[in-house]
Amino acid sequence: MDKDIVEPDVGAAAKAAARAAADGRPELLHPCGAAPGPGEAREIAPGVRWLRMPMPFKPAHINLWAIEEENGWTVVDTGLRDAPTIAAWQALLDGPLAAPAGGPALTRVLVTHMHPDHSGMAGWLAETCACPLWMTRSEYLGCRAMTDIGAEATPSSIAFYLRAGWNADAVARHHAVHVAIGKLVHPLPEHYRRMVNGELFFIGRHAWQVVVGEGHTPEHACLYCPELKLLIAGDQVLPRISSNVSVHADDPGANPLAHWLASIARLKRLLPDDVLVLPAHDEPFIGLHARLDYLEASALRGLDRLREALREPRRAVDVFGALYAQTITADNPVLLGLATGESLAHLNYLLCEGDAVVREDEQGVAWYSLV
């Protein structure tokens, strides 16, 4: 093994993952050291390089991955479309990921899911390097729809947020933010190569398998390489924060929390515990099963707290305290949107389980309570 590549200590990882703090949070092993800066690439496994792009909000970075092929590189995820990320990509394409022998620098762009920090530069890279875009169908179509947002909020989206307990000013501010977020994505190509759950394909010398997770987004693609013992996890499994699981205005009756919990069980069943997990945020880690167990337990604890809160009728905006440690106000429209979507995901889960009921008042606001 190359001396610059960090070889994970699986035995130490198993011991670390077995130890738990008082709240059940596992101790994960982070064997890869300091993260690369913008425009840099660190090799963490044979032919696999860790890239990192800055972001102007929390989390303040996103991890991307470059996998070496015979005539170039496959990249997984792309960062936001903004000036710092464009500059970082130009430095990479002129430096560590420079085109070999005058050929294309990138052979393909893989995107785990639709969110702008993952898809923002995908269209730019595909266009610049004349290479194909690979995504799952739901994520590709969802990303195309996300970038096609009109200047005015639709009546159905306005009704969705008013029903949750927002006022008209909060709806207007949130829509303005939503439009701005859509502009952080370069237009995608009009055609793409579809990835499907379970398929195997080669990147360079190694076979990779698509493992789809749900809940955070509808068809999030993780990539697993058994030979290298690597899992590119995107946002499906993060080491320190929990991915947002939300209901959105275009599918108000959705039950994404049920899909999230089912995906946790499926990932634990399909994937070994000793993989090196390459997440979109924070550092690569070992301890997959312990982290999945914690994420499941955290979601179930949130549901228990929500049941307690619903002993009296509550709106979606009234149950933030059951799910979030921080105060949520309309002064932060991004956080308000995330919290509302996640509250509705938990409320819809209880409705589908038959544990709660909902009624609308004369103003069309939804009130939830235990059965």
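Residues numbered from 1 in each chain as written. Predicted model: local features only at pLDDT ≥ 70, side-chain atom pairs only at ≥ 80, totals over all residues. Heavy atoms only, no water.

**Student:** Quick question: what am I supposed to make of helix 11 (residues 333-353) here?
**Tutor:** Since there are 3.6 residues in each turn of an α-helix, residues three or four apart along the chain are aligned in direction. Given a rise of 1.5 Å per residue, 21 residues ought to cover 30 Å, and the 30 Å separating the end C-alpha atoms of helix 11 matches this to within 8%. Where burial is concerned, most of helix 11 is hidden: 16 out of the 21 residues are buried. Of the residues trailing helix 11, glycine 354 is marked for its positive phi of about 80°. (Helix = DSSP H or I, 4+ residues; strand = E, 2+ residues; numbered from the N terminus. Expected span 1.5 Å × (residues − 1). Buried < 20%, exposed > 50% of the residue type's maximum accessible area, 1.4 Å probe, protein only.)

**Student:** In this structure, what is going on with the sheet that holds strand 7 (residues 193-195)? I would like to understand it.
**Tutor:** Backbone hydrogen bonds hold the strands of a sheet together, and the pairing may be parallel or antiparallel. Read from one edge of the open sheet, 7 strands run 1-2-3-4-5-6-7, paired in mixed fashion. Of all the strands in the sheet, the pair left with one neighbour each is strand 1 (42-45) and strand 7. Direction aside, neighbouring strands of the sheet carry axes that sit 30° apart on average. Alignment of strand 1 against strand 2 (residues 48-54), held across 3 bridges, turns out to be antiparallel. Each bridged residue has a counterpart across the sheet, and for arginine 42 the counterpart in strand 2 is tryptophan 50. Running over the sheet, helix 2 (residues 83-94) touches strand 2, strand 3 (61-69), strand 4 (72-76) and strand 5 (106-110) and is turned about 150° from strand 2. Most of the contacts of helix 5 (residues 137-146) go to strand 6 (residues 133-136), to which it runs at about 105°, and overall it touches strand 6 and strand 7. (Pairing = 2+ DSSP bridges. Axes fitted to C-alpha atoms, helices over the stretch in contact; angles between N-to-C directions. Contact = heavy atoms within 4.5 Å.)

**Student:** Even after reading the chapter, I still don't get unusual backbone geometry, so can you show me in this structure?
**Tutor:** Leaving glycine aside, a negative phi is the common case for residues, and trans is the common case for peptide bonds. Residues lysine 58 and proline 59 are joined by a peptide bond in cis, for which omega reads -10°. Positionally, proline 59 belongs in the loop between strand 2 and strand 3. A positive phi angle, close to 50°, is found at alanine 130, a residue other than glycine. Within the secondary structure layout, alanine 130 lies in the loop between helix 4 (122-129) and strand 6. Although it is not a glycine, aspartate 282 sits at a positive phi angle of roughly 70°. Looking at the secondary structure, you find aspartate 282 in the loop between strand 12 (276-279) and helix 9 (288-309).

**Student:** Just checking my understanding: could you explain helix 2 for this structure?
**Tutor:** With 12 residues, helix 2 should reach 16 Å at 1.5 Å per residue; the first-to-last C-alpha distance of 16 Å fits that figure. Along helix 2, the residues that are buried comprise Thr85, Ala88, Trp89, Leu92 and Leu93. For helix 2, the buried positions fall inside an angular range of 130° around the axis, keeping them on one side. The outward face of helix 2, more than 90 degrees from its buried face, is lined by the exposed residues Ala83 and Asp94. Those residues of helix 2 hidden inside the fold are in contact with strand 2, strand 3, strand 4, strand 5 and helix 4. (Arc of directions from axis to C-beta.)

**Student:** For this particular structure, what's the right way to read the side chain of arginine 52?
**Tutor:** Take arginine 52: it is sitting in strand 2. For arginine 52, the side chain forms a polar contact with the side chain of histidine 61, separated by 3.3 Å. Within the structure, the side chain of arginine 52 is placed 2.9 Å from the side chain of asparagine 63, a separation counted as a polar contact. With residues up to four places along the chain from it excluded, the contact list for arginine 52 reads Ala35, Pro36, Gly37, Pro38, His61, Ile62, Asn63, Asp282 and Glu283. (Polar contact = N/O pair within 3.5 Å; in protein donor to acceptor, adjacent residues only side chain to side chain.)

**Student:** Would you explain the side chain of arginine 291 in this entry?
**Tutor:** Relative to the elements of secondary structure, arginine 291 occurs in helix 9. Among buried Asp, Glu, Lys and Arg side chains, arginine 291 stands out as unpaired, with aspartate 282 the closest opposite charge at 7.4 Å. From its side chain, arginine 291 meets the backbone oxygen of isoleucine 241 in a polar contact 3.1 Å long. Once residues within four sequence positions are removed from consideration, arginine 291 is found in contact with Arg25, Pro26, Leu28, Val237, Leu238, Pro239, Arg240, Ile241, Ser242 and Phe285. (Lys, Arg positive; Asp, Glu negative; His and termini not counted. Salt bridge = Lys/Arg side-chain N within 4 Å of Asp/Glu carboxyl O.)

**Student:** Help me understand the pairing of strand 5, please; the structure alone is not making it clear to me.
**Tutor:** The side chains of a regular strand alternate between both faces of the sheet. The element strand 5 is largely enclosed, with a buried count of 4 among its 5 residues. Bridging between strand 4 and strand 5 involves 4 bridges; their strand directions are parallel. Note on strand 5: the bridge partner recorded for tryptophan 73 is leucine 106. Running through helix 2, the crossover from strand 4 to the neighbouring parallel element strand 5 is right-handed. In this sheet, strand 6 lies alongside strand 5 in parallel orientation, the contact comprising 2 bridges. Of the residues in strand 6, the one forming a bridge with valine 109 is leucine 133. (Right-handed = clockwise from strand over helix to strand, strands pointing away.)

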